[in-house]
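Listed below are the residues making up each chain.
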Amino acid sequence: AEGSVTVKPTMGDIQTKRSFGDFQLHLEFREPVVVKGGGQGRGNSGVLIQTRYEVQVLDCYENRTYSNGQTASVYKQTIPLANACRKPGEWQTYDILFTAPRFNSDSIRIAPGFVTVLHNGIVVQLNTEIKGTTEYIGLPKNQAHGKAPLKLQDHGDLVSYRNIWVREL
C-alpha cells in the first residue's frame, strides 16, 4: 500500500539508523489479507526494541497460539491483558512507551526495562517488566548495552507497517 513498507523475506529485518534509549513509539501494522497457516505461522513479525526485546506482532484474530507468544505479548515473557486484534487486512495500532534497562560501570543490570503497550487504543501491557532478551528457547539474557536501534522483524510473513514515529523520552 502507498505510504507503507512491507517486511519481505527478500529484505530481512527493517532497522532504524538511529539508536534509542527511553522512547514513545507509534506505528500501524496490517496483517496479510489472505490468511495462511495458524498459530505462530500466521502474520508473524515483531517490534524489536533495542534489537533485543520483542513485542509480538501476529494475526491472533480467531487464531489461537501459546499465551506468551500472542499479539502484544512481551515475547515468551508476559501475556497481554487482552486480545485487541482486528480482522486480517485492517490497519492496527501500537503505541509503545519504553524505559530502557540500566547497567552500572561493571555491566551489571541495576534496573530492568519496562514497557507499556496500547494495541488499538487498549492497554495490553502496563509498565511491564522486561526480564531480559526475548529468547525463543532459553532464559532471558541481560548483557549490558546502551541505546540501540528499533527493528521490524522479518519472520517470513508479509506484514505491512506505516505511520511510524518515535520520540525520545
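Residues numbered from 1 in each chain as written. Predicted model: local features only at pLDDT ≥ 70, side-chain atom pairs only at ≥ 80, totals over all residues. Heavy atoms only, no water.

## Quick look at the sheet that holds strand E5 (residues 53–57)
So, point 1. Here 4 strands make up an open sheet; going across it, the order is E2-E11-E4-E5 and the pairing antiparallel. Looking at the sheet topology across the chains shown, the edges are occupied by strand E2 (14–15) and E5.
So, point 2. As judged from the 5 bridges shared by strand E4 (residues 45–49) and E5, these two strands associate in the antiparallel manner. The residue bridging Ser 45 from the neighbouring strand is Val 57, located in E5. (Pairing = 2+ DSSP bridges. Helix = DSSP H or I, 4+ residues; strand = E, 2+ residues; numbered from the N terminus.)

## Describing the packing of aromatic side chains
Given two aromatic rings, one states the distance between the centres and the angle between the planes to describe the pair.
So, point 1. A complete count under the given rule lists 5 aromatic pairs for this structure.
So, point 2. Each ring, one from Phe 20 and one from Phe 23, has its centre 6.3 Å from the other, and the planes form 65 degrees; the classification is edge-to-face. Taken as a pair, Phe 20 and Phe 23 share a single burial class, namely buried.
So, point 3. With a centroid separation of 5.3 Å and an interplanar angle of 35 degrees, the aromatic rings of Phe 23 and Phe 98 are classed as tilted. Of this pair, Phe 23 sits in strand E3 (residues 23–30) while Phe 98 sits in strand E6 (residues 91–99); the two residues are 75 residues apart in sequence, bridging distant segments of the chain. Across the pair, Phe 98 and Phe 23 agree in class, each one buried. (Phe/Tyr/Trp six-rings, centres within 6.5 Å; stacked < 30°, edge-to-face > 60°. Buried < 20%, exposed > 50% of the residue type's maximum accessible area, 1.4 Å probe, protein only.)

## Re the nonpolar core
Across soluble globular proteins, you tend to see nonpolar side chains buried next to one another.
So, point 1. Tyr 94 and Ile 96 are the most contacted members of the largest nonpolar core, which has 25 residues in total.
So, point 2. For this core, the secondary-structure elements that each account for two or more residues are E3, E4, E5, E6, strand E9 (113–119) and strand E10 (122–130).
So, point 3. Broken down by element, this core gets its largest block of residues, 4 residues, from E3. (Core = buried A, V, L, I, M, F, W, Y, C linked by side-chain atoms within 4.5 Å.)

## Structural notes on the side chain of Gln 92
So, point 1. Among the structural elements, Gln 92 can be located in strand E6.
So, point 2. At 3.2 Å, the side chain of Gln 92 forms a polar contact with the side chain of Asn 120.
So, point 3. When neighbours within four sequence positions are excluded, Gln 92 is seen to be in contact with Leu 27, Glu 28, Phe 29, Glu 31, Ala 84, Cys 85, Arg 86, His 119 and Asn 120. (Polar contact = N/O pair within 3.5 Å; in protein donor to acceptor, adjacent residues only side chain to side chain. Contact = heavy atoms within 4.5 Å.)

## Quick word on the pattern of salt bridges
So, point 1. A complete count under the given rule lists 7 salt bridges for this structure.
So, point 2. Where Glu 135 meets Lys 141, a salt bridge forms, and the shortest distance between an N and an O atom there is 3.9 Å. (Salt bridge = Lys/Arg side-chain N within 4 Å of Asp/Glu carboxyl O.)

## Considerations on the pairing of E3
So, point 1. Most of E3 is tucked away: 8 of the 8 residues are buried.
So, point 2. Residues Phe 23, Leu 25, Leu 27 and Phe 29 point to one face of E3 and Gln 24, His 26, Glu 28 and Arg 30 to the other, with burial holding for every one of them.
So, point 3. Relative to E6, E3 runs antiparallel, the two sharing 8 bridges. Within the sheet, the bridge partner assigned to Glu 28 lies in E6 and is Thr 93.
So, point 4. Across 7 bridges, E3 lies against strand E12 (residues 160–168) in antiparallel orientation. Pairing of Arg 30 across the sheet is with Ser 160, part of E12.

## Quick word on the sheet that holds E10
Hydrogen bonds between backbone groups are what pair the strands of a sheet, and the pairing can be parallel or antiparallel.
So, point 1. Read from one edge of the open sheet, 6 strands run E1-E12-E3-E6-E9-E10, paired in antiparallel fashion. Since the sheet does not close on itself, it has two edges, and those belong to strand E1 (4–6) and E10, each with one partner. Between one strand and the next, the sheet's axes are offset by a mean angle of 25 degrees, whatever the strand orientation. (Axes fitted to C-alpha atoms, helices over the stretch in contact; angles between N-to-C directions.)

The analysis is restricted to geometry; functional conclusions fall outside its scope.
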